[in-house]
Each structure stands twice: as structure tokens, then as C-alpha cells.
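# Structural description and commentary
The chain contents come next:
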Amino acid sequence: MEEKKDLQTPEVAETKKAAAAPAETPAAPEAQAKPAAAKPAVTKPAPKPELPGENEIKPRLVEPEALHDEMLRLRDEEKMDFLELITGVDWGEEGLGCVYNLWSTATGKREYVKTVTPDRENPFIPTVSDLWTIAEVYEREVLDFYGIKFLGHKDMRRIFLREDWVGYPFRKDDKPEEQNPLKMENEVLSDTTVEYNRDAEGNITETEHVVFAPEDYMVNIGPQHPSTHGVLHFRVALEGERIKKIDPKLGYIHRGIEKLNESYTYPQTLALTDRMDYLGAMQSRHALCMTIEKAANIEVSDRVQVVRTIMDELQRIDSHILFFSCLCQDMGATTAFLYGFRDREKVLDIFEETCGGRLIINYNMIGGLAADIHPNFQKRVKEFIPYMRKNIKEYYDIFINNVIARNRLIGVGNLTLEQVVSGGCTGPSGRASGWHNDVRKRQPYAAYDRVDFKEIVRTEGDSYARLLCRMDEIEQSLCIIEQLIDNIPEGPFQTKTKPIIKVPAGKYYSCVEGSRGEFGVYLESTGDKSPYRLHYRSTGLPLVWIMDAACRGELIADMMAINGTLDYVVPDIDR
Amino acid sequence: MKLKRPKIKSIPYEEFNDNETYEKLVKELNENGVNVIVKKLDDLFDWGRSNSLWPLTFATSCCGIEFMAVCAARYDIARFGFEVTRNSPRQADVILVNGTITNKMAPVLKRLYDQMADPKYVVAIGGCAIAGGPFTKSYHVVKGVDKIIPVDVYVPGCPPRPESFLYGMMQLQRIVKAENFFGTTNRKEKDPQTLSESLESIKEVVEKQQEA
Ligand code: SF4
């Protein structure tokens, strides 16, 4: 009150004061009480920040020399069949290294392994790409950003940055902007690659491999192509009309988000998650908030947990509808595309009313939500559930049961269970091949432990199964929302946090089930107000990588259908 | 001379936001005076052109999804004649730069722009295309597409609402309507290379390769 008056001119303020003085005194407590009630209520004060939270991980240090044998043992003896993530980290004095996250499908146990090499000039670490196919791309990512070379990896080219890029941008001492001015000449892609090995005397040897031979018939798809869902470049070698090999080139939308995060405070880092997988904006941001909250011991209320769960599921519906629309569009069914968007707008309306945004939503915050749900929220959602149930039948009529769609999808782009597990393809794409990988079931978070829903798993593994999986998931999501929408508990929508959020030193990992797979956040903190390293497990990267396996031997005309059913979002892959 | 005011169906002239810039542009275009008869023909052509601008489907990230929403049922870009999105730059009139342009993408965008036939227009959509958006501090993001290609209309937002897309496109229609088609816009493009010139350039390349 006093502050406001200071802004006015002195005379006006004085006259007002005189006039308002008697009336103001009784009104003051009421006026003050109101904003206090509207403000988020204070729950338990956060415990001392020195204690790391429950999601802290303590990777076991394995020397590079012993790494391969240890990983082989873990995979075969302890049944660690799922390599969740490899995170490259620059530990400064200690050297450069990687953290490996392993998760066993059979036992549900997790393992974290860390390896580090002190040599900054020529860092070498043995590869694990012969054990898990997904390591092929994860290791190339580490090479690209940290310059660690993997011994025995068959293809040590850069994957995100230009092949003529200088330096390794994620190293703490690298100055990427100075060394790499904007180049306007076209990038020359090499057709050969190199493999590093250590011979008996301990010297490094280089072997050259051919990616595409001169006699290969090549087709370039992308980076500007309407059906790659973003800017992505596939170099495809053909044998007649059949696909012989696919070499994905990524990085056309690499925005350096992970590097940017290292200079941002924790609340600032949130803004960028929405812009990676914009069809999983709620879930990605949920994952990051959850990681920070758990790590810093910030409690969130029950209300927040339930609202977050509902929002995640709405987002999943939104994403699956868009998946359906785009698949139809790619296969030439424009009517179905319009049907899908008609329904998607309904979800966006719900988002917009509560969050203010349609696509980039910015709703989850550390410790809660940006705003409480809109008074209309429950009503709207309850209207939407029967509406969607009715309309999804139209999808079957117009496209899914259509004979052309069936012929083009059934039996096309087959993936076996071994391929998806080794390739780390989580989400509906993996579940269509029989892999039980739903994080909501395996490691329930938010309010998923109190709702009843089915994990949709099919066994065919073809494009059609992937489509059906997603359609069934829409129904399951509706089912989850239905159970929660009338039971949103009362409570504050935001826990009061400290003005500067600091995470206790340590390494943390949390994951959620995003729209297209497991979205994980690896956070390494030194106790500062910005993260030391923040790495995301991209949901789409394994899906792009599996394209080669899914498309080999298929017709080039079917490539876009396969690509459509795998359903990835490119900015999330490139980050 | 009194400036002719272009008519856009759904918005009256006064309700557009930056009429000063627009008037300045029109004045520049008409500085040397216009031919009365040709101008009439121009108007006819510009009317046709402005109502059938074909965009190139070019979307790199988030803004592209909003562009899809604009094309779809509720916002229905077809009302303005922009629905014929082309996948080939050769057939497109306007490139809508939806989304972040990274260093690796920049040469590709330039190439796409060069491949488009004149007269061509560029609309920068979203904070990223205008100035790098939330990623301006990044080492791998171009801080505005106008560093690479000339931009006609900027549509701010992150992402812009579908209504802003349409508003931006209407602004572009006004620009198209102001142009003098004959003798200027239709002659923007350089004359195609003659055969002897092409042979010469090929020779140069071959010589360079032989040297190397
Ligand atoms: S302006 Fe915003 S919404 Fe558009 S591409 Fe950039 S980050 Fe995405």
C-alpha cells in the first residue's frame, strides 16, 4: 500500500491520504487477506538442501580397460537388456567420461556405471555398441560433443554437427562460436568412415570403412521433405526399389539446448523443454520438474500430482491424434488429416484455458504449476471424453479399417522384440513389438499408482500394430482421465520454494512416459544454482536409429509409412 | 498523388497496425510514377496473385505444427487462397520460415530460397526466425533469417497464434497488391544464362578439378 502511494505525485498522495485515512484502516486487513489467500499456500518448509534427494544415482566407477567385460557381464548375467542412456560428461580435472544407465526388463533392477579417461587430447573408451545397438548412436553423440573416441565402434563420424565443425562444443573449455562462424557453403558428406582400435602394443590403429560405395544407387530424402516431420536427412541406398541401407544425418535442428542449460538457472531451464518435443511438452517439463523437485527435496501437493497426470494424458491424446493425422497425410489421406485436427483443437482449447498456451504450454513449475486449473477445466474435460470416444470410431471407419491403409501397413516395417530392446525403442513403437516398457507401470510416478489402466502391448511388430497401439492408448488415456477428473484433491497448486533454487551436489536421474517413449532427465549438480550437466533421454533418437533395421528390404515407397508409424519429433532428437 | 489503398476482404485498411511502413513502401515503389494503363493491368494481376500465394511447406520445429493447425479445419487457410502448400520450391511463391534455423540448416534454407522462382516472398514466423528466439545465446542458431535471405513480413510469437499467421499473410497480400507487376516485379529475375555462359562456367569447374 505504502509503495503504491510513493509513485503518485506528492500533493495527490497527501490529499488522498487525508481523505482515505479513516476509511482505510478497517478495510486494510481485508484487502491484505485476499491476496494472501490467492497466493500459493506455504506447506512444509523444504528440508535442508544438503541432503540429496531420493532420485540420486551413484554410478560405479569402472576403468575404461575393464568396461567392455563388465558391461558384457551385466548384460548377460544380470539381464540388463535395456541401455537407457549414455551421458557424456566433462569432469574437468578428472577427465572426460560417460555415465551408462542400464535397466533390466526382466528384474526391474537398475545399474549405473561410470567410466572416465584423464586424457583430454586423445580420449579413448571401448565401445559397447556390439552389445546394444542403441549405443551406436549414443556414442556418436558423445564423440560429437565431447570428442571421446570409442574403440571398436564401426562408424566414428560426427552425427549432429557439420562434418567440418571445429572443436567439441560441450567441453567446458571449448569456444564453439569463435571457431565456427556461420558457413554458407553446402556441407560435403563423406562416404567413408573410420574405426579406431588398440593393437597388442597399445597403439591406436585406424581402419577405414565404406558407408556408401560408388556403385550404390543413392537417394537423398530430406533435409527439406514434407514427411520427415521436421528437418532430417536420410541417405538411402537402393537395390532396385528395395532399400539396402539408410544412413540418417541429424542435427539440422540442433539448437544446443543442453549447453544453454548449463548457463541457466533451474527455473530458466524449464522453458526449453517445451520446445524440444512440442507434442510431449507437458511430459518433458514434468520430467524435468520432477527431477529437480526430487533432487532438491521439494514436496509437491497431491493436487499438483493429479493435475499433472491429467495434463500428461491430455498431451498424450493430443500427440497421438497428431500422429494419426500426419500418418494419413503422408499416405495421401487428407480428409483423415482434417478429422484429426478437428479433435486436436478440442484438447488445445482445454490447454489454452488453463495454461494460456496452445502448443508451447509452460505449465509445470518447480514445486507445482504455473496457475491453478481454470474453473471450466473439469467441465470441459468431461465433455471431451465422450466426444473423443465417439470420434475415434470415425478414425477406424475412414482410415484404419480402410483396405488401402491395411495393405500398406500390415506386415510392413517389421521389428522384432530383440531389435526394439537392443535399440532402446521405448513407447508405443516398442510396445507394438511386445516389449513391456511403460514407465507408468514399471516405475509409477505422479498419480499413476492410483489409477487403473492397461499397458497396451501387441506382438506383431509391424506398422499397423504401431498404429493400433497408439489408438488403443488414446482410449486408455481417456480412461485414466475419467478416473481422476472428479477426484482432484484440494490443496495448493504451488509449493513455496526458495527464491534461488539450488540442487545439492550429486547425479540424478528421473524419467516419465512421454508421448513417444521414455523421456528421462540426467542432472548433475555441483550444488550451484545452474546445472553442471543436464542431459535428456530423447524419445525419438532410438526411433530414428531403428529406421535402418525397419526399412531394410522394404520398398522405398513404404519408407514414409514406416517413418510415420515410428512417430518421432525431430527437435527432440537433435535438442 | 493519393496512394491507392489495397482492399483486403476481412480487415478494413485502418485496422492494420503499421500503415506508415506500408505507405512508405508504396511510395518507394511508385517513386518514378506509373503508367495509367499498365497500372490497371497490374492491379488485375496483383489481385490474382495475392489471392493465390502458394507457400512452400518448410517447417523446422514447433512453429511448423501451428502452421499445420492453420492449414487444418478450424483456421482453414484455404479461405485466403494459401492452401496449396507445395513441397517443391520450384512451384512455391512464398516461403514461410517456421521455426529455428540452425547453422547446419542455413545453407539449405538459402538453397531453397534460390531455387524458388521470382517473384518470391519470405515470411519469418516466430521468434526464432526473427531473431533466434529463446535460443539466441546458442552456438548453433542463426540469429534471424534476415541474415541469410530478405524477409518481407515478420510474424512475432512463440509460436504465433493461428490468427497472427493469417494476419501476417494478409500483410503480405497488401505488399503484393502494391507492387507494379509489369516491368518491375516480373523482371526481377536475372535473365537465364545463355548457352555460351553455361559452357564457360562448366569449363571453369572442370579446370579447377583438374588442377586439384
Ligand atoms: S519461435 Fe518458439 S515456437 Fe517457434 S520455433 Fe522458435 S521456439 Fe518454437
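## Things to note about the domain arrangement of chain A
Residues and elements named next belong to chain A.
- Partitioning chain A into structural domains gives domain 1 (57-174 + 189-205) and domain 2 (255-487 + 494-574).
- Its C-alpha centre places domain 1 at a distance of 28 Å from the equivalent point of domain 2.
- The junction of domain 1 with domain 2 conceals about 2800 Å² of combined surface from both sides, 58% of it contributed by carbon and sulfur atoms.
- On the surface where domain 1 and domain 2 come into contact, there are one salt bridge.

## Quick word on the nonpolar core
- Core analysis: the largest hydrophobic core is formed by 189 residues, its most contacted members being Tyr-100, Leu-314 and Phe-399 of chain A.
- Counting residues domain by domain, this core receives three or more from each of domain 1 (57-174 + 189-205) and domain 2 (255-487 + 494-574) of chain A.

## Let's talk about the site of the ligand
- The local shell around the ligand holds 14 residues, among which Cys-62, Cys-63, Gly-127, Cys-128 and Cys-158 of chain B are the closest.
- Neighbouring residues of the ligand are not confined to a single chain but are spread across chains A and B.
- In a pocket analysis with a 2 Å cut-off to the grid points, the ligand is assigned to the largest cavity.
- Counting only elements with at least two residues in the shell around the ligand, the list comes to helix 3 (62-71) and helix 5 (126-131) of chain B.
- When the residues that make up the shell around the ligand are grouped by side-chain class, the tally is seven nonpolar, six polar and one charged.

## Considerations on empty space enclosed by the protein
All names here are of chain B.
- Tallied over the entire structure, the rule returns three cavities of 30 Å³ or more.
- Of the pockets and cavities examined, the largest cavity occupies roughly 70 Å³.
- Listed by contribution, the elements that provide at least two residues to the lining of the largest cavity are helix 3 and helix 5.
- For the lining of the largest cavity, the leading source of residues is helix 5, giving three residues.
- Class assignment for the residues of the lining of the largest cavity results in eight nonpolar, five polar and one charged.

## Some details on the interface of chain A and chain B
- Of the residues lining the interface, 51 residues belong to chain A; the matching set on chain B comes to 42 residues.
- Interface of chain A and chain B: buried area, both sides summed, is about 3800 Å²; carbon and sulfur atoms make up 65% of it.
- By the criterion of area lost to chain B, the three top residues of chain A are Gln-224, Arg-255 and Arg-358 of chain A, representing 17% of everything that side buries.
- Summed over the shared surface of chain A and chain B, the number is four salt bridges.
- Linking Arg-74 of chain B and Glu-345 of chain A is a salt bridge whose minimum nitrogen-to-oxygen distance equals 3.8 Å.
- Between chain A and chain B we count twelve residue pairs in polar contact (both at pLDDT 80 or more) in total.

## Here's the deal with the layout of surface pockets
Residues and elements named next belong to chain A.
- For the second largest pocket, the calculated volume is near 640 Å³.
- Lining the second largest pocket are 30 residues, with Thr-133, Glu-136, Trp-545, Asp-548 and Arg-552 positioned closest to its centre.
- Looking at which element gives the most residues to the lining of the second largest pocket, the answer is strand 12 (residues 242-249), with four residues.
- Partitioned by chemical class, the residues of the lining of the second largest pocket number nine nonpolar, ten polar and eleven charged.

## Details of the side chain of Asp-462 of chain A
Residue and element names in this part refer to chain A.
- When you line up the elements, Asp-462 lands in the loop between helix 15 (439-442) and helix 16 (463-485).
- Buried and without a salt bridge, Asp-462 has Arg-466 as its closest oppositely charged side chain, separated by 6.6 Å.
- A distance of 3.0 Å separates the side chain of Asp-462 from the backbone nitrogen of Ala-465, its partner in a polar contact.
- Aside from chain neighbours lying at most four places away, what touches Asp-462 is Leu-409, Ile-410, Gly-411, Val-412, Gly-413 and Asn-414.

Reading guide: rules and limits
- Residues numbered from 1 in each chain as written.
- Chains lettered and ligands numbered in written order.
- Predicted model: local features only at pLDDT ≥ 70, side-chain atom pairs only at ≥ 80, totals over all residues.
- Heavy atoms only, no water.
- Domains from an automatic or database assignment.
- Buried area = accessible area lost by both parts, 1.4 Å probe.
- Salt bridge = Lys/Arg side-chain N within 4 Å of Asp/Glu carboxyl O.
- Core = buried A, V, L, I, M, F, W, Y, C linked by side-chain atoms within 4.5 Å.
- Buried < 20%, exposed > 50% of the residue type's maximum accessible area, 1.4 Å probe, protein only.
- Near = heavy atom within 4 Å.
- 1 Å grid on protein atoms, 1.4 Å probe; cavity = no way out; pocket = protein on both sides within 12 Å on 5 of 7 lines; lining within 4 Å.
- Sits in = over half its atoms within 2 Å of the grid points.
- Helix = DSSP H or I, 4+ residues; strand = E, 2+ residues; numbered from the N terminus.
- Nonpolar A, V, L, I, M, F, W, Y, C, P; charged D, E, K, R; others polar.
- Points joined across faces, edges and corners; volume = space filled by probe spheres on them.
- Contact = heavy atoms within 4.5 Å.
- Polar contact = N/O pair within 3.5 Å; in protein donor to acceptor, adjacent residues only side chain to side chain.
- Lys, Arg positive; Asp, Glu negative; His and termini not counted.

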